[in-house]
Amino acid sequence: MSTAAERAAQLDLVARLKSAYPELPDAPTPDLLDHERITAYLKPVHDVGGEPDAPMKYEDKQYELWEHMTYVICEVLAWRGIWLSEERRRIGNVDVGRAQYLGLPYYGRWLLAVARVLVEKHHIGLTELSERMAEVKARYGGGLAGKKLDATPKSQGDGSQVKRNEHHKRAVGKGDPQVYAGQAGQPKFKVGDAVVVRELPVIFYTRTPEYVRGAKGEIAAVAYESPAAEDETWDRPATPEWFYVVRFNMSELWYGYTGTTDDVVQTEIPEHWLQAAP
Amino acid sequence: MTDHGHDHDHDRTVKPMVDEITDFEVLEIALRELCIEKGIFTAEEHRRFTEFAEQIGPTPAAHLVAKAWLDPEFKKLALAEPMTASKEVGVDWMEPTGFGTPSDFTAFQILANTPTVHNVIVCALCSCYPRPILGNSPEWYRTPNYRRRLVRWPRQVLAEFGLYLPDEISVHVQDSNQKHRFMVMPLRPEGTQDWTEAQLVEIITRDCLIGVALPKAGVTTNVITDTRPAVHPGTAG
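Computed from a predicted model, the values in this text were never measured in an experiment.

Asker: I tried to follow the overall build of chain B on my own but got confused; where do I start?
Answerer: The helix and strand inventory of chain B stands at 10 helices and five strands. For chain B, the spread of C-alpha atoms along the three principal axes comes to 55 × 45 × 35 Å. Across the 237 residues of chain B, 50% fall into the buried class.

Below, the structure written as structure tokens:
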């Protein structure tokens, strides 16, 4: 049971959680938004490189048991063909939206991604999950009081009817990205080529960082073949392409760069995002 | 400093009077139970991966670098075929699934520092990190703060770790954001002539392999040592 005052207090707390431009009303009409702001709202939220921030104290953290168990469950789901790593990276790092991305602990997002993929791929019903959560919570009703945090499944399913991806079988003995080797033809670029990162429209997902889009760089390595993240992340048939490590001179990349003219940043970019520099 | 040796802000640490199970703990247990009941994975598979994940850490990486310092032929191998070299320090990148630890993929590269180049790694998109050979990443490596700033203000960030690089050394930031995983091979420091591999390993800390510190005779700990406490600590990491 909750009281009316408790319910109102929680709503007040939620109402103070902001993840929007403060100068705009909620759900603005189209005439209030320009291209830059729409791009900002649609930017995949994991792409934080180059955003200004003040120094903070860096510290370590003791590992929580549930964090370790979350890492394990994510990897076991990939091992057993429930999702690709690229699906996990999107669901947990981008699909969560800005408020949860910035507001929740790192492994909290991994864990929500597990729930999301199992529900979306019809392995678990959401009501079934909520009921089980309530049950687990009730099990520890008086606090842990010396009890261990433990999963106690009521049975063991045989799993033969569970829908699994091809990748978890195909990649065995090869690895990933090696499983895609030989499928992308000849690489378009070679080491030393000058390239410009294309400014493709971005919605939903990409791993080509915003901070290099439109910038000129140089091919530092022809890396491997793989489907681009935007295609692989939906686990649909996708054609592998070449990936390149691209080197950017930071004094040219960044306005007002204060280091030396030899400092560089390198990042990996799939071929369809690159064009030859003019 | 407080009486228990660290100075994190207790006021902001949530500590209930009753030792309650947290929201994330509830969700994790519920999901694991349902997965096992439905045969999505078995309890045995979960246990096997847990045991694998509990034994990873930075020690093999330190051995790899120490061996490379002592043996030029091994250094060549480490740079040309890093996953083959990893096997010589007990790390098989294809374990434990036959296609590796899925989040880390199986494309590994070692970035060798030179007298004029200093390498440092980051993943500006998430926290890509060479787990099989370095263990789990430290908490600060995963912060939006480190990820935002290192790709743009690397010298300032390195200075915050106490690493001040002269202009003659250029900074190479490697943003590992796709399937490659990277590790830094620092230069062997002065004052370590005649050291054994075991002695060298002591000064090759995790921070040196990320590139936020340089190995130094007599320094055997990471730069960042303050640690926030866990509500319910696990055994790994």
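Asker: What is the right way to look at the overall build of chain A in this model?
Answerer: When helices and strands are tallied, chain A shows 10 helices and six strands. Summarising its shape, the C-alpha atoms of chain A cover approximately 65 × 55 × 40 Å along the three principal directions. Put simply, chain A has 278 residues, and 35% of those count as buried. A fraction of 66% describes how many contacts in chain A between residues 6 or more apart in sequence connect residues 24 or more apart.

Asker: Explain the interface of chain A and chain B to me, please; I cannot follow it from the model alone.
Answerer: How large an interface is tends to be reported as the accessible area lost when its parts come together. On the side of chain B, 82 residues touch chain A, which itself brings 90 residues to the contact. Looking at the side of chain A that touches chain B, the elements that each hand over two or more residues are strand E1 (60-61), helix H3 (65-79), helix H4 (85-93), helix H6 (106-120), helix H7 (126-139), strand E3 (216-226) and strand E5 (264-270) of chain A. It is H3(A) that provides the largest number of residues to the side of chain A that touches chain B, a total of 14 residues. Of the residues belonging to the side of chain A that touches chain B, the class tally is 44 nonpolar, 24 polar and 22 charged. Alignment of E1(A) against strand E5 (residues 227-228) of chain B, held across two bridges, turns out to be parallel. Of the residues in E5(B), the one forming a bridge with A:Lys61 is B:Arg228.

Asker: Would you mind showing me how to read the packing of helix H3 (residues 59-70) of chain B against helix H4 (residues 72-80) of chain B here?
Answerer: A packed helix pair is summarised by two numbers, namely the angle formed by the two axes and the spacing between the axes. Residues and elements named next belong to chain B. Contact pair H3 / H4: the axes reach a minimum separation of 5 Å and the direction vectors enclose 130°. Accordingly, the angle class assigned to the pair H3 and H4 is oblique. The handedness of the crossing between H3 and H4 is left-handed. Contacts between H3 and H4 involve Leu64, Lys67 and Ala68 from the former and Phe74, Lys75 and Ala78 from the latter. Across the contact of H3 with H4, the residue classes break down as four nonpolar, no polar and two charged.

Asker: I tried to follow unusual backbone geometry on my own but got confused; where do I start?
Answerer: Residues other than glycine predominantly adopt negative phi, and peptide bonds predominantly adopt the trans conformation. Residues and elements named next belong to chain A. In the segment running from aspartate 176 into proline 177, the intervening peptide bond is cis, with an omega of 25°. In this fold, proline 177 is placed in the loop between helix H8 (167-170) and strand E2 (194-197). For alanine 145, which is not a glycine, the phi torsion comes out positive at approximately 40°. Here alanine 145 is to be found in the loop between H7 and H8.

Asker: Explain the sheet that holds strand E2 (residues 117-122) of chain B here, please?
Answerer: Strand pairing within a sheet occurs via backbone hydrogen bonds; the two strands may be parallel or antiparallel. Across the sheet, which stays open at both edges, the seven strands sit in the order E6(A)-E2(A)-E3(A)-E4(A)-E5(A)-E3(B)-E2(B) with mixed pairing between neighbours. Each edge of the open sheet is held by one strand with a lone partner, namely strand E6 (274-276) of chain A together with E2 of chain B. Across this sheet, the average inter-strand angle for adjacent strands is 35°, counted without regard to direction. The pairing of E2(A) with E3(A) spans three bridges and is classified as antiparallel. If you follow A:Val196 over to E3(A), its bridge partner there is A:Lys216.

Asker: Whenever I open this one, the domain arrangement of chain B confuses me. Can you help?
Answerer: Along its sequence, chain B is carved into domain 1 (23-55) and domain 2 (58-210). On a C-alpha basis, the centres of domain 1 of chain B and domain 2 of chain B stand 30 Å from each other.

Asker: I would appreciate a short explanation of the pairing of strand E4 (residues 180-185) of chain B in the present structure.
Answerer: Successive residues of a regular strand alternate their side chains across the two faces of the sheet. All names here are of chain B. Here E4 lies mainly inside the structure; six of its six residues are buried. By the alternation rule, side chains of E4 split into His180, Phe182 and Val184 and Arg181, Met183 and Met185, which are all buried. Sheet topology note: the strand E1 (residues 107-112)/E4 ladder contains six bridges and is parallel. Bridge pairing in E4 places isoleucine 110 opposite methionine 183.

Asker: Sorry if this is basic, but what is going on with the nonpolar core here?
Answerer: Burial of nonpolar side chains together is a common tendency in soluble globular proteins. One finds A:Tyr244, B:Val65, B:Val120 and B:Ile204 to be the most contacted residues of the largest nonpolar core, which totals 72 residues. The greatest single-element share of this core, amounting to seven residues, is contributed by H3(B). Non-local contacts of B:Ile204, meaning those with residues more than four positions away in its chain, are made with B:Ala62, B:Val65, B:Ala66, B:Leu209 and B:Pro215.

Asker: Would you mind going over the environment of A:Trp110 with me for this structure?
Answerer: Residue and element names in this part refer to chain A. Inspection of the secondary structure assignment puts tryptophan 110 in helix H6. Here the alpha-carbon distance between tryptophan 110 and arginine 89, two residues 21 residues apart in the chain, equals 8.4 Å. Each residue touching tryptophan 110, except ones within four places of it in the same chain, is listed here: Thr70, Tyr71, Cys74 and Gly92.

Asker: Could you clarify how one ought to interpret the environment of B:Gly39 in this entry?
Answerer: Residue position: B:Gly39 is located in the loop between helix H1 (23-37) and helix H2 (43-54). Using a count of 17 C-beta atoms within 10 Å as the deciding quantity, one classes B:Gly39 as partly exposed. Between the alpha carbons of B:Gly39 and B:Asp19 there is a distance of 32 Å; along the sequence they are 20 residues apart. Among all residues touching B:Gly39, those that are not within four sequence positions of it are A:Gly157, A:Asp158, A:Gly159 and A:Val162.

Asker: Sorry, what's going on with the packing of H7(A) against H1(B) here?
Answerer: Viewed as axis vectors pointing N to C, H7(A) and H1(B) meet at an angle of 120°, and their least axial separation amounts to 9 Å. The pairing of H7(A) with H1(B) is recorded here as oblique in orientation. Helix-helix and strand crossings are classified by hand; for H7(A) and H1(B) the assignment is right-handed. Taking contact as the criterion, the partners of A:Glu128, A:Leu129, A:Arg132, A:Met133, A:Val136 and A:Lys137 in H7(A) are, on H1(B), B:Val26, B:Leu27, B:Ile29, B:Ala30, B:Glu33 and B:Leu34. When grouped by side-chain class, the residues that make up the contact of H7(A) with H1(B) number eight nonpolar, no polar and four charged.

Asker: Would you take a moment to explain the confidence of the model for chain B for this structure?
Answerer: Low pLDDT marks stretches whose predicted atomic positions should not be read closely. Residues and elements named next belong to chain B. Model confidence for chain B is summarised by a mean pLDDT of 93, while 92% of its residues fall at 70 or above. Within the model, pLDDT remains below 50 along residues 1-5, and this stretch shows two contacts once partners closer than five positions in the same chain are excluded. Predicted complex metrics record ipTM = 0.95 and pTM = 0.94.

Asker: Could you clarify how one ought to interpret the pairing of strand E4 (residues 241-249) of chain A in this entry?
Answerer: All names here are of chain A. Taken across its nine residues, E4 has seven buried, putting it largely inside the fold. Judged from the seven bridges that link them, E3 and E4 form a sheet pairing that is antiparallel. Paired with isoleucine 219 across the two strands is valine 246, which belongs to E4. Pairing of E4 with E5, which is carried by seven bridges, proceeds in the antiparallel orientation. Looking across to E5, one finds that valine 246 is bridged to threonine 267.

Conventions and cut-offs
Residues numbered from 1 in each chain as written. Chains lettered and ligands numbered in written order. Predicted model: local features only at pLDDT ≥ 70, side-chain atom pairs only at ≥ 80, totals over all residues. Helix = DSSP H or I, 4+ residues; strand = E, 2+ residues; numbered from the N terminus. Buried ≥ 20, exposed ≤ 12 C-beta atoms within 10 Å, placed from the backbone. Contact = placed C-beta atoms within 7 Å. Nonpolar A, V, L, I, M, F, W, Y, C, P; charged D, E, K, R; others polar. Pairing = 2+ DSSP bridges. Axes fitted to C-alpha atoms, helices over the stretch in contact; angles between N-to-C directions. Parallel < 35°, antiparallel > 145°, perpendicular 65-115°, else oblique. Left-handed = near helix turned anticlockwise from the far one by under 90°. Domains from an automatic or database assignment. Core = buried A, V, L, I, M, F, W, Y, C linked by C-beta atoms within 7 Å. pLDDT = per-residue confidence, 0-100.

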